[in-house]
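Residue strings, one per chain:
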Amino acid sequence: MTDQYIVKKCLLEIFKKNGYLEVDRLTQRDFDHISQRIEDNTGTLISGITIKRLLNGEFSRLPQIATLDAISRYLGYHNWQEYKALFRDKEENQLAKEDTIDTENPVQKASSLTNKRFRLAVVMYLVIGVTAVLGFIQFSGKKPFANVNRATFSARTNTNNDIPNTVVFTYNVDEVQADSFFIQQSWDKNRRVRISKNNYTLTDIYYEPGYHIAKLIANDSVIQTIDINIPTDRWFFFAKDNPSSKPDYIYPDQIVHDGMLSIIEADLLNSHIDIHKEKEYLYTYFPGKMHVDGDNYVLKTKIRVKEVKKNSCPYLMPEIFCQRYTMFFTSTPKGCSSESMVQFGEHFISGKETDLASLGFDVTQWMDLEVRVKDKQAVIRINNKDVFATSYKTTSKLLTGIGFVSNGLCEIDFIELKGLNGDIVYTNNFDNRF
């Protein structure tokens, strides 16, 4: 029984705990969701890409002990050594139950039982001993952070509204006591870059518009954060193979057709987009000015999806971007509702864990959508009917933008995003060319 086998079993337990039963159907968004759950529970960052690699056994040597301890602690164990020891003992006990050696000789039965109890006692003593030693090493050998308040962290963009946009980070961690340092440029843990003392500048390219929280990290702890705003002040279109891939930009000749905000298949071909490959298409708008409360707003839109590549589960995801959270929901045919997701504030809901069939509609037909948030209470209306409600606790601060994601091309007849006090973020019925 190899350590790689135990790592995979540990991750399978984590996915099962979160309602994922068919691991062969996991998407990158699912791996990223589990990454977030582990970080929220343990404080340790493990990227969705790493989790996918470990689950698939795509590693020749074990990951660092911090990663192994994190996945073990998520399941309620003290550390990796405890999980591994108890897992092996459980496997041995299962094999013993199935062992045909179970003889009628009472002396042999007693001997077998004594040996099992002895092995269990040895394992437990080893677990206690290893835990004590690791705790002593951690307590005596690993110094706590010092001089964290002396770290500095700031950033500036190189352009105002253009994409891509280079951001220049300036930092100083010379006086902070830690083993390693990183800058994570956004919510995406894959975008962590190691930095070092006596260096003070890091530049990176942001390929998508958006509002991000960049983090200065010492070991696995965030010691400072700064806000990074990448606006466009216009509709911006791109395609992606998956949520973690680099975008392919779409350059339409015009963005209004027959009174609708839309792009067409010719725009994809002219932008060298492979229309025969499964992709998600994103429409985003991020104004430079922010003034509307992200906990009190209403979004109204009339929209449908035109399929590019035939898909058994076409979907539509409206997104409302805020300074602290992205709020979204997925509408897809009822038979595909296991793939649906909802997030408002810090509250994420998966269709694999919750029945989201009420969000199920034929998204290729016109839909009147409304999202209303009042004092962190959210209601989703589809075709003038309340279909879902939820709430959250942590403030989202100000609205920063709006977007639509689909595996087809959206056609939008009308959009209005405004605060409950009447302040408008964006409104357009697309009757005029622009």
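Going along each chain's sequence as written, the residues are numbered from 1 onward. Residues qualify for local features only when their pLDDT is at least 70, as the model is predicted, and side-chain atom pairs are given and counted only at 80 or more; totals for whole chains, interfaces and linings, by contrast, use all residues. Based on all heavy atoms of the structure, the side-chain values leave hydrogens and waters out of the count.

A.B. asks: I would appreciate a short explanation of the confidence of the model for the protein chain in the present structure.
C.D. replies: Detail in the predicted coordinates should be disregarded across regions flagged by low pLDDT. The share of residues in the protein chain with pLDDT of 70 or more is 87%, and the mean pLDDT across the chain is 86. Note on residues 100-110: pLDDT is under 50 here. Beyond four places in sequence and across chains, it has four contacts. The predictor's confidence in any single residue is recorded as pLDDT, a number from 0 to 100. Working rule for contacts: check all heavy atoms of both residues, and any pair within 4.5 Å makes them a contact. Note that pLDDT drops below 50 for residues 131-144; the model gives that stretch nine contacts with residues more than four away or on any other chain.

A.B. asks: Sorry, what's going on with the side chain of His257 here?
C.D. replies: Inspection of the secondary structure assignment puts His257 in strand β10 (residues 256-257). Dropping the residues within four chain positions of it, His257 is found in contact with Ser262, Ile264 and Asp267. Under the scheme used here, helices are H or I runs from DSSP no shorter than 4 residues and strands are E runs no shorter than 2 residues, and both carry numbers assigned from the N terminus.

A.B. asks: Just to check I follow, could you spell out the packing of helix α2 (residues 28-42) against helix α3 (residues 48-55) for this structure?
C.D. replies: Geometrically, a packed helix pair is captured by the angle between its two axes and the distance between the axes. Each axis is a line fitted through C-alpha atoms, taken for helices only over the stretch in contact, and angles between the N-to-C directions span 0 to 180 degrees. Direction vectors running N to C along α2 and α3 enclose 105 degrees, while the axes themselves pass 8 Å from each other. As judged from the angle between their axes, α2 and α3 are roughly perpendicular. Packed against α2, whose contacting residues are Gln28, Phe31, Asp32, Ile34, Ser35 and Ile38, the element α3 presents Gly48, Ile49, Ile51, Lys52 and Leu55 at the interface. In this count, Pro and Cys sit with the nonpolar residues alongside Ala, Val, Leu, Ile, Met, Phe, Trp and Tyr, while Asp, Glu, Lys and Arg are called charged and the others, Gly among them, polar. Classifying every residue of the contact of α2 with α3 gives six nonpolar, three polar and two charged. Angular relationships are summarised with four words: roughly parallel below 35 degrees, roughly antiparallel beyond 145, roughly perpendicular across 65 to 115, and oblique for the angles in between.

A.B. asks: Can you walk me through the packing of aromatic side chains in this structure?
C.D. replies: Working definition: an aromatic ring pair is given by the centre-to-centre distance plus the angle between the planes. Only the six-membered ring of Trp is used, alongside the rings of Phe and Tyr, when aromatic pairs are assigned; centres must lie within 6.5 Å, and planes under 30 degrees apart are stacked while those over 60 apart are edge-to-face, with the rest tilted. As enumerated under the stated definition, the model contains 16 aromatic pairs in all. Residues Phe153 and Phe169 carry aromatic rings whose centres are separated by 5.9 Å and whose planes lie at 15 degrees to one another, so their mutual orientation is stacked. Here Phe153 is found in strand β1 (residues 152-157), whereas its partner Phe169 is found in strand β2 (residues 165-172), with 16 residues between them in sequence. Residue classification places Phe169 among the buried residues on the basis of a relative accessible area of 0%. Here Trp235 and Tyr285 contribute two aromatic rings whose centre-to-centre distance is 5.6 Å and whose plane-to-plane angle is 40 degrees, an arrangement assigned as tilted. Here Trp235, found in strand β8 (residues 235-240), pairs with Tyr285, found in strand β12 (residues 280-285); they are 50 residues apart in sequence, far enough to count as distant. For the pair shown, Trp235 and Tyr285 are each scored as buried. Grouping aromatic residues by their ring pairs yields a cluster made of Tyr5, Tyr77, Trp80, Tyr83 and Phe87. For Lys17, the ring lying beneath its charged end belongs to Tyr74, and the centroid distance is 4.7 Å. Counting as a charge over the ring demands two things of the Lys NZ or Arg CZ atom: a distance within 6 Å of the ring centre and an angle within 35 degrees of the ring normal. Against the face of Trp366 rests Lys302, its NZ or CZ located 5.7 Å from the ring centre. Residue exposure (1.4 Å probe, protein chains only): buried if accessible area is under 20% of the type maximum, exposed if over 50%, otherwise partly exposed.

A.B. asks: Can you walk me through the packing of α2 against helix α4 (residues 65-74) in this structure?
C.D. replies: Running from amino to carboxyl end, α2 crosses α4 at an angle of 85 degrees, the nearest separation of the two axes being 9 Å. Of the possible angle classes, the one that applies to α2 and α4 is roughly perpendicular. Taking contact as the criterion, the partners of Arg37, Ile38, Asn41 and Thr42 in α2 are, on α4, Ala70, Ile71, Arg73 and Tyr74. Of the residues in the contact of α2 with α4, the class split is four nonpolar, two polar and two charged.

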